[in-house]
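The lines below spell out each chain.
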Amino acid sequence: MNTRVYESKVHKIGLSCDAFSTGCLVMCLLFFVPYVSAVDTTIMWVMPVLCILPFAVMPLVYMVIHRFDTLLFGRYHFVMPLSAFLCAPFFVIAWSANGAGMAQTYAVFFGMLVFALTVMIYRYCAFSVRARLSDMGIVDKYPLYELFCALGSIAACGAFAGFLHYNSQTVYVNTAYVMGGATVLFALIQYLITFYDIPRLGGRRVEGVKSVFKSFYGGIDVKLYLSALLFEAAFAVNAALIVYFAFALGVDIYGVMAIVATVIVAYGISACFCARIIVRRSVFLSVINIIYIVLSCGTLALLAALNKSGSGTFAGLIIVAVIVGLGGAVAVRQTKLRLLTVKPRVTTGTVFILSELTMFAAVGIALLAAAVVVAVLQSTMSVTAFIYGFAIAVVLALLAMLLRVFPKKRKPAALDTAESSADNATYASATYAPATDISRTQSTKE
């Protein structure tokens, strides 16, 4: 009996190992701007293309995965570790540039491109396995998953701080080695722990390309979706600039790491709170997001205008870090809840992919805003250039609010259990996570 309890606990832990890859994404958001500014700032102008490309690729990947079903690997257990093993080396390649040059630029761009696609595939496969073995929906609270997200984020921050003291010239690539290696290790653990569940994860679904794209994007309420995207993008702009801004103001490395840690902790606490308290979309969330954006951007703009270093500036940056972390979690939660109701037919798998795509698109918009800031900074050599970036964040939030106030009226969605070509009701119930996610949102109109 004790052995079974032990195995059950290990199994639950193993289902959430993919969340550690969140640390790689945190590193991309917080450290990419200061990193690429020393390589080639033109990369930031093309990064939105890199973040938008997965919108065309992921439906095709989804189609291929659901056509793949072998006795040895099932549906997910070949693609899941393969994508994890591929994302790690390309993540390292993307962070290996040392100095300017065309080769360095190509390494960063194509490294990030392959990493973005493969890590998204890995996270989707892992989510599908977890959803079908633990009945966890897209907006359900799952403490172990949140714990691994926190561990990955802390590992990225800690590794960066440690390697910065060791060698500042190789800090980015060394941190990438650690995060990439850890991601592969946790993917292998997850693979081995869930390997014997392959028979429960089988079942082939054959869909055409047109049908798959329709299931992802057909009937989507564009205004509500863009509103969710722009709110995330507004917080991403502040998160992407805050580390670079702190360096520009002369904050030492200990202060910068404290700011990064504050963002991570605030986001983690807010995410846990949102998962337990916020179970339906509401206009109140949009109001909260607007308040957070105005407060954070106003404070950052004031600090940029004063252009002073000291304890007061550091305290202001810490306050902004708290606001960005809290507001970012609310924006991500709001996106997931909206994605459940902005389409007439939706499944938890497609909602997960769409939420990941939305986060990548938000980062792309943030890097575009950062490119504007870096261009102005290089021409003026003044930290007041950051005001342009913070102003862009405010504009994005205001546009998101306007789209929220004047949405397209649509009847709330119902979970689509007919996405599969199979008619067997038992198979359908095993394939998709429970419909509790969608039922929570049906009674509330935004």
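Definitions and cut-offs
- Residues numbered from 1 in each chain as written.
- Predicted model: local features only at pLDDT ≥ 70, side-chain atom pairs only at ≥ 80, totals over all residues.
- Heavy atoms only, no water.
- Helix = DSSP H or I, 4+ residues; strand = E, 2+ residues; numbered from the N terminus.
- Buried < 20%, exposed > 50% of the residue type's maximum accessible area, 1.4 Å probe, protein only.
- Contact = heavy atoms within 4.5 Å.
- Areas by Shrake-Rupley, 256 points an atom, 1.4 Å probe, with all protein chains shown as cover.
- Phe/Tyr/Trp six-rings, centres within 6.5 Å; stacked < 30°, edge-to-face > 60°.
- Core = buried A, V, L, I, M, F, W, Y, C linked by side-chain atoms within 4.5 Å.
- pLDDT = per-residue confidence, 0-100.
- Polar contact = N/O pair within 3.5 Å; in protein donor to acceptor, adjacent residues only side chain to side chain.

Caption draft 1: Molecular detail of the overall build of the protein. When helices and strands are tallied, the protein shows 17 helices and two strands. Looking at the protein as a whole, 56% of its 446 residues qualify as buried. Taking as baseline every contact in the protein between residues at least 6 positions apart, the subset at least 24 positions apart corresponds to 86%. As displayed, the protein offers around 18,100 Å² of accessible surface, 70% of which is attributable to carbon and sulfur atoms.

Caption draft 2: Examining the packing of aromatic side chains more closely. The tally for this structure, following the rule as stated, stands at 23 aromatic pairs. Ring geometry for Phe213 against Tyr217: centres 6.3 Å apart, planes inclined by 45 degrees, an arrangement best described as tilted. Of the two residues, Phe213 and Tyr217 both sit in helix α9 (residues 209–217), four residues apart, roughly one turn of that helix. An aromatic cluster is built from Phe31, Phe32, Tyr35, Phe91, Trp95, Phe115, Phe160 and Tyr172, whose rings are joined through pairwise contacts.

Caption draft 3: Summary view of unusual backbone geometry. Positioned with a positive phi, Asn307 is a non-glycine residue whose angle comes to about 55 degrees. Tracing the chain through its elements places Asn307 in the loop between α12 (283–306) and α13 (311–339). Owing to a relative accessible area of 42%, Asn307 belongs among the partly exposed residues under this scheme. With a phi angle near 55 degrees, Met381 is a residue other than glycine that sits in the positive phi range. Looking at the secondary structure, you find Met381 in the loop between α14 (348–380) and α15 (386–405).

Caption draft 4: Region of the structure containing the nonpolar core. In this structure, Phe31, Phe32 and Trp95 are the most contacted members of the largest nonpolar core, which totals 136 residues. It is helix α6 (residues 102–134) that contributes the most residues to this core, 18 residues altogether. Here Trp95 is in contact with Met27, Cys28, Phe31, Phe32, Tyr35, Met112, Tyr172, Val173 and Ala176, once residues within four sequence places are set aside. Listed in part, the five residues of the second largest apolar core include Cys274, Ile278, Leu285 and Val330.

Caption draft 5: Region of interest: the confidence of the model for the protein. Scored by pLDDT, the protein comes out at a mean of 80, with 82% of its residues at no less than 70. Confidence scores differ between elements of the protein, with helix α17 (residues 436–441) showing the lowest mean pLDDT of 32 and helix α5 (residues 79–94) the highest of 92. Low confidence marks residues 412–446, where pLDDT is under 50. Its contacts with residues over four positions away, or in another chain, come to 84 contacts.

Caption draft 6: Examining the side chain of Gln334 more closely. Structurally, Gln334 can be placed in helix α13. Here the side chain of Gln334 touches Asn289 through a polar contact of 2.9 Å, side chain to side chain.

Caption draft 7: Region of the structure containing the environment of Ala88. As for its position among the elements, Ala88 is in helix α5. Assessed through its relative accessible area of 8%, Ala88 is described here as buried. In this structure the C-alpha to C-alpha distance between Ala88 and Gly111, which are 23 residues apart in sequence, comes to 9.9 Å. Not counting the four nearest positions on each side in its chain, Ala88 is found in contact with Gly180 and Val184.

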